[in-house]
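Take a look at the letters that make up each chain.
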Amino acid sequence: YNEYKSYLRMAKLENFNLLLKGGSKDFVYKICHQSRQPVTSEDTLRLISSTLDCSMQETQNLLSDLRSFTDTLLASNVSSTSEILTSFPEGFHKSLANLLSKVFTELFPVWRANMAHGAVSLPRLESFDWAVSSDHATKQSVCSLDLHIREKDTMKIVNANLSKESLRSLVTGLKDIKEQISNLSNV
């Protein structure tokens, strides 16, 4: 808690004063939401710059500073309006601090969910294909297994050629995993 307080005291918040030109809570809300997006289009930057009557560089700095500030709050698990309000330094515009505290409080659940979704994205088996073939020269059967795996927004196919022994080991391992999961769900 104290670490984030000392960081926030040193944070660059002068760009936040540009938000005073925003004209409405809704506009400030949209800018705060935009600051957490991975990419901001040039059209969006122009629109914000035009509304705030500032340069595109100042707009980019504002979005970057908002993101840094909210990153620190999120990492420090600060979420109530009163806790956020105390994060602003003395002398900071009181009405703007109140508005940002309320907006951040409204947006934090969405931002936390987005962070969790982005941070924990395990590969998922979508489907699979298999075929068994025999090598007449070696007189061994081989199972060719194609796993269709989705990772985030991409689909990839992982191919494995398994001998009878490898397939037996895989099936045994999967049975053990299934048993462990069943035991955990019964707890």
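Residues numbered from 1 in each chain as written. Predicted model: local features only at pLDDT ≥ 70, side-chain atom pairs only at ≥ 80, totals over all residues. Heavy atoms only, no water.

> So, the side chain of T59: which residues are in play, and what are the values?
Within the element layout of this structure, T59 appears in helix α4 (residues 56-75). T59 gets classed as buried once you look at its relative accessible area, which sits at 0%. Each residue touching T59, except ones within four places of it in the same chain, is listed here: L45, I48, S49 and C54. (Helix = DSSP H or I, 4+ residues; strand = E, 2+ residues; numbered from the N terminus. Buried < 20%, exposed > 50% of the residue type's maximum accessible area, 1.4 Å probe, protein only. Contact = heavy atoms within 4.5 Å.)

> Tell me about the packing of aromatic side chains, residues and numbers included.
On inspection of all chains with the given rule, the structure shows 8 aromatic pairs. Ring centres 6.3 Å apart and planes at 85 degrees place the aromatic pair F16 and F92 in the edge-to-face group. Taken together, the residues span a long stretch of sequence, with F16 in the loop between α1 (2-10) and α2 (25-35) and F92 in the loop between α5 (81-85) and α6 (94-119) at a distance of 76 residues. Plain terms: the ring middles of F104 and F108 are 6.2 Å apart, the flat faces sit at 0 degrees to each other, and that makes the pair stacked. Taken together, the residues F104 and F108, both in helix α6 and 4 residues apart, mark about one turn of the helix. As far as the burial class goes, F104 and F108 line up, both buried. Ring pairing ties together the aromatic residues F16, F69, F88, F92, F104, F108 and W111, which thus form one cluster. (Phe/Tyr/Trp six-rings, centres within 6.5 Å; stacked < 30°, edge-to-face > 60°.)

> Can you explain unusual backbone geometry? Please cite residues and give values.
Although it is not a glycine, D53 sits at a positive phi angle of roughly 55 degrees. Tracing the sequence through the fold places D53 in the loop between α3 (42-52) and α4. Residue classification places D53 among the exposed residues on the basis of a relative accessible area of 63%.

> Give a detailed account of the packing of α3 against α4, specifying residues and quantitative values.
With their axes 9 Å apart at the nearest point, α3 and α4 run at an angle of 100 degrees to one another. Relative to α4, the element α3 is oriented roughly perpendicular. Of the residues in α4, those in contact with E42, L45, R46, I48, S49 and L52 of α3 are M56, T59, Q60, L62 and L63. Grouping the amino acids of the contact of α3 with α4 by side-chain chemistry returns 6 nonpolar, 3 polar and 2 charged. (Axes fitted to C-alpha atoms, helices over the stretch in contact; angles between N-to-C directions. Parallel < 35°, antiparallel > 145°, perpendicular 65-115°, else oblique. Nonpolar A, V, L, I, M, F, W, Y, C, P; charged D, E, K, R; others polar.)

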